[in-house]
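Now for the letters of each chain:
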Amino acid sequence: MKKFLALTIAAVMLFSLSVITYAEDNLDEIDPNEELELSLEKAIDYALKHSRDMKIQDLEMKKAQLQYDQGRHEAREFEEQIEEYENLPDEIKSQMRGEVIPIIERELLELGVLDRQAKLTRQIAIWNKEIKENEIKYNVEKAYFDLLQSEKELEIARESLELANRQYEQSQKMYELGTISHQQLLSAEFAVFQAQSALDMAVVGYELEKMSFNNTLGLPLSQKIKLTDKIEYKNHEEINLEEAIETAFENSALIKVSKENYELSELTFKAVRAKHVTPNQFKYREQEIAVEQAAKNLDNAKNGVEMQVRTAYYSLITAEKQIKTYERAVENAERAYELAELSYSLGQNTLNDVTKARIDLMDAKKNLSKQVHAYNLALLDFKYAISLGKNTIGSGF
């Protein structure tokens, strides 16, 4: 009886655990017909968790570790060969013909080039994983901001249609009272058609942007989503441009790799000169060119990183200044529209004046929204410009 109870309890516990496991495994199952609420943080987490690129980078790291272990094994074997050769009697060494222990390879080993090359290959794989993570984060953040901008444009288009409809309703009443002509009423109706057309275009733009966003996250393209964060202007910390460039130089994986490759090429040149002592030999010239190419690559890497930082900084500062200008433009356009609407109701201006004021107001709001969007993207670019990077380093670098 006790044995039966024990087996029953074990079976119940096993079933419970399987149910819990099944539930946890299905937390990420998404119904395209149900709206998915996403903050920016949740969107990034989802993309990282479901990215095949991150899985590939994990495999690349394991591959690099195997290459490193193999390189270390071969280096130890070569060290043993050198030690065996050095322990041979001089008379036996004198009888050996040819280069038993290659001079260049021996110099490379003693200078630590072989070990540093193996470590660099492994380190690049480690950096590339973090860089790929940065790339995914950047793409998701940008896609999130782009979709928020598209939502804002859709909201502005809806507001424009509401104002046009309200103006048309007012015009109908004025026409019934005989204060405006039939032509003016038709103009008000046409303004509604134009606003509706603009809204239809905004809807299409939003749907395309949403599809692009879903694709960036790895969601079904038709997935219904709701972004919980809002597009807004946030003040940033004071930036010292020169200090930011120095930070970027210190953090950039591309510069680190370029610097290490340059140092390794110089050491390799030193090893080559141990055998080929004159400049008129092919191997000498070949490695001399390699050193210059490595130096050029390092200069290019530094210039590229500095350009990214400066470009992002100037874009950020410019957008920040223009936001204040566009905020005032919106305030002025709102007052102008109110005055135009009031003057029209009093018969002091035409419907075209009101329509123009409404369009100017919507344009001012769109310009402000675009400028805040540009500011957020510039801030995003600046953040990643001073980081490790967001472009993986190729194996042939």
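Definitions and limits used
- Residues numbered from 1 in each chain as written.
- Predicted model: local features only at pLDDT ≥ 70, side-chain atom pairs only at ≥ 80, totals over all residues.
- Heavy atoms only, no water.
- Buried < 20%, exposed > 50% of the residue type's maximum accessible area, 1.4 Å probe, protein only.
- Helix = DSSP H or I, 4+ residues; strand = E, 2+ residues; numbered from the N terminus.
- Arc of directions from axis to C-beta.
- Contact = heavy atoms within 4.5 Å.
- Core = buried A, V, L, I, M, F, W, Y, C linked by side-chain atoms within 4.5 Å.
- Axes fitted to C-alpha atoms, helices over the stretch in contact; angles between N-to-C directions.
- Parallel < 35°, antiparallel > 145°, perpendicular 65-115°, else oblique.
- Nonpolar A, V, L, I, M, F, W, Y, C, P; charged D, E, K, R; others polar.
- 1 Å grid on protein atoms, 1.4 Å probe; cavity = no way out; pocket = protein on both sides within 12 Å on 5 of 7 lines; lining within 4 Å.
- Points joined across faces, edges and corners; volume = space filled by probe spheres on them.
- pLDDT = per-residue confidence, 0-100.

Asker: I would appreciate a short explanation of helix H2 (residues 40-49) in the present structure.
Answerer: What sets the pattern is the α-helix's 3.6 residues per turn: residues three or four places apart point alike. The set of residues buried in H2 consists of Leu40, Ala43, Ile44, Tyr46 and Ala47. Viewed along the axis of H2, the buried residues span an arc of 165 degrees, placing them on a single side of the element. Opposite the buried face of H2, by more than 90 degrees, sit the exposed residues Glu41, Lys42 and Lys49. If you follow the buried residues of H2, they end up packed against strand S1 (36-38), helix H6 (113-176) and helix H7 (182-217).

Asker: Looking at this structure, I do not really get the nonpolar core. What am I missing?
Answerer: Nonpolar side chains in soluble globular proteins tend to end up buried together. Of all hydrophobic cores here, the largest spans 72 residues; its most connected members are Val140, Tyr144, Phe213, Leu217, Val309 and Phe382. Of all elements in the fold, only H2, H6, H7, strand S2 (225-227), helix H8 (241-251), helix H10 (282-345) and helix H11 (351-385) reach the threshold of two or more residues within this core. No other element matches the 16 residues that H6 contributes to this core. In this view, leucine 217 contacts Leu38, Ala43, Tyr46, Ala47 and Val140; residues no more than four positions away in its chain are not counted. Core analysis: the second largest hydrophobic core is formed by 15 residues, Leu108, Leu264, Ala271 and Ile393 among them.

Asker: When you look at the packing of helix H3 (residues 52-86) against H6 in this model, what are you seeing that I'm missing?
Answerer: Relative orientation and spacing of two packed helices are given, respectively, by the angle between their axes and the distance between those axes. Two elements in contact, H3 and H6, have axes whose closest approach is 9 Å; the angle formed by their N-to-C orientations is 175 degrees. The angle between the axes of H3 and H6 places the two elements in the roughly antiparallel class. Two secondary-structure elements touch here, H3 through Asp53, Met54, Gln57, Asp58, Glu60, Met61, Ala64, Gln65, Gln67, Tyr68 and Arg72 and H6 through Asp115, Ala118, Lys119, Thr121, Arg122, Ala125, Ile126, Asn128, Lys129, Lys132, Glu133 and Ile136. Here the contact of H3 with H6 is composed, by residue class, of 8 nonpolar, 5 polar and 10 charged.

Asker: What should I look at first to understand empty space enclosed by the protein in this one?
Answerer: The gaps left among the atoms become clear once a water-sized probe is rolled over them. Going through the model one piece at a time under the given rule, you end up with 1 cavity of 30 Å³ or more. Each pocket or cavity is described by its volume, and for the largest cavity that value is around 60 Å³. Around the largest cavity, the lining residues are Leu163, Ala164, Gln167, Ala188, Ala191, Tyr337, Leu351, Val354, Thr355 and Arg358. Elements represented by at least two residues in the lining of the largest cavity include exactly H6, H7 and H11.

Asker: Which parts of the structure should I look at to understand the confidence of the model for the protein chain?
Answerer: Regions with low pLDDT should not have their predicted coordinates read in detail. Overall, the prediction assigns the protein chain a mean pLDDT of 87, with 89% of residues at 70 or greater. Within the protein chain, no element has a lower average pLDDT than helix H1 (residues 2-25), which sits at 38, and none a higher one than H8, at 97. Scored below 50 in pLDDT, residues 1-27 shows 0 contacts in the model against residues more than four places distant or in partner chains.

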